[in-house]
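# Results of the structural survey
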Amino acid sequence: MDELIKRGYQIKQMLNELNFELQSINLQIADAATYKPGSKTGHLSTPEINVKVTKRENVKWDQERLSEIKAHFLEFDSFVKTEIKPDQRKLKKADSKMMKAFEWCRTVKPGAPSVSYELITEGGE
């Protein structure tokens, strides 16, 4: 098991370095790509490789502002998606009847395990 843990740690370090390098390369490629006006998809190529770049945006909506404008537009609800997400921490305090009702509404699928590695240095430092 010791060797497996050591190898996992080594691979994790290599992946971190490679991911950092890949992010840097991807930013340079995205800057060099050709985009049609109004498009977030660009293209580059070499004689051997075609590259497609899609610029992504992370959008976060201000919930308080949305609530404010909702009152001014009758058709507001037709432009938004509504999703109910129970608070997992608060559910732990629910009575058994409510907890069973919420459990009936959910599907739990196993995800990939999260494994972290920490190098232990000699001398406790």
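Figured I'd write up the structure that's included with this text. (Residues numbered from 1 in each chain as written. Predicted model: local features only at pLDDT ≥ 70, side-chain atom pairs only at ≥ 80, totals over all residues. Heavy atoms only, no water.)

Let us now look at the layout of surface pockets. Which parts of space are left empty comes out when a probe the size of a water molecule is rolled across the atoms. What the largest pocket holds in volume is close to 340 Å³. In terms of residue class, the lining of the largest pocket is built from four nonpolar, three polar and three charged. (1 Å grid on protein atoms, 1.4 Å probe; cavity = no way out; pocket = protein on both sides within 12 Å on 5 of 7 lines; lining within 4 Å. Points joined across faces, edges and corners; volume = space filled by probe spheres on them. Nonpolar A, V, L, I, M, F, W, Y, C, P; charged D, E, K, R; others polar.)

Taken in spatial order, the three strands of this open sheet run β1-β2-β3, and their pairing is antiparallel. The outermost strands of the open sheet, each flanked by one partner alone, are β1 (34–35) and β3 (50–54). In the sheet, β1 pairs with strand β2 (residues 41–45) via two bridges, with the strands oriented antiparallel. Bridge pairing links T34 to H43 in β2. (Pairing = 2+ DSSP bridges. Helix = DSSP H or I, 4+ residues; strand = E, 2+ residues; numbered from the N terminus.)

Once that is clear, we can look at the pairing of β3. A regular strand places its side chains on the two faces of the sheet in alternate fashion. With five bridges joining them, β2 and β3 adopt antiparallel strand pairing. Looking at the pairing, T41 lines up with T54 of β3. Linkage of β2 to β3, two consecutive antiparallel strands, is achieved through a turn of four residues.

Turning our attention to the pattern of salt bridges. Per the counting criterion, the structure on display carries four salt bridges. R65 is the salt-bridge partner of D62, the closest N and O atoms lying 3.8 Å from each other. A residue is classified by how much of its surface remains accessible, and D62, at 39% relative accessible area, is partly exposed. (Salt bridge = Lys/Arg side-chain N within 4 Å of Asp/Glu carboxyl O. Buried < 20%, exposed > 50% of the residue type's maximum accessible area, 1.4 Å probe, protein only.)

What follows is about a positive patch on the surface. Residues R89, K90, K92 and K93 make up a contiguous surface patch of positive charge. Mapped onto the fold, K92 is located in the loop between α3 (88–91) and α4 (96–104). (Patch = residues over 30% accessible without salt bridge, like charges linked within 9 Å, V, L, I, M, F, W, Y side chains within 5 Å. Areas by Shrake-Rupley, 256 points an atom, 1.4 Å probe, with all protein chains shown as cover. Lys, Arg positive; Asp, Glu negative; His and termini not counted. Charge placed at Lys NZ, Arg CZ, Asp CG, Glu CD.)

Before going further, it helps to examine the environment of H43. Mapped onto the secondary structure, H43 falls in strand β2. Beyond its immediate sequence surroundings of up to four residues, H43 is in contact with A33, T34, V51 and K52. (Contact = heavy atoms within 4.5 Å.)

Across all of its chains, the model carries zero aromatic pairs by this definition. In this structure, K55 packs its charged tip against the face of Y35, placed 4.4 Å from the ring centre. (Phe/Tyr/Trp six-rings, centres within 6.5 Å; stacked < 30°, edge-to-face > 60°. Lys NZ or Arg CZ within 6 Å of the ring centre and 35° of its normal.)

Any functional reading would require information that these geometric values do not contain.
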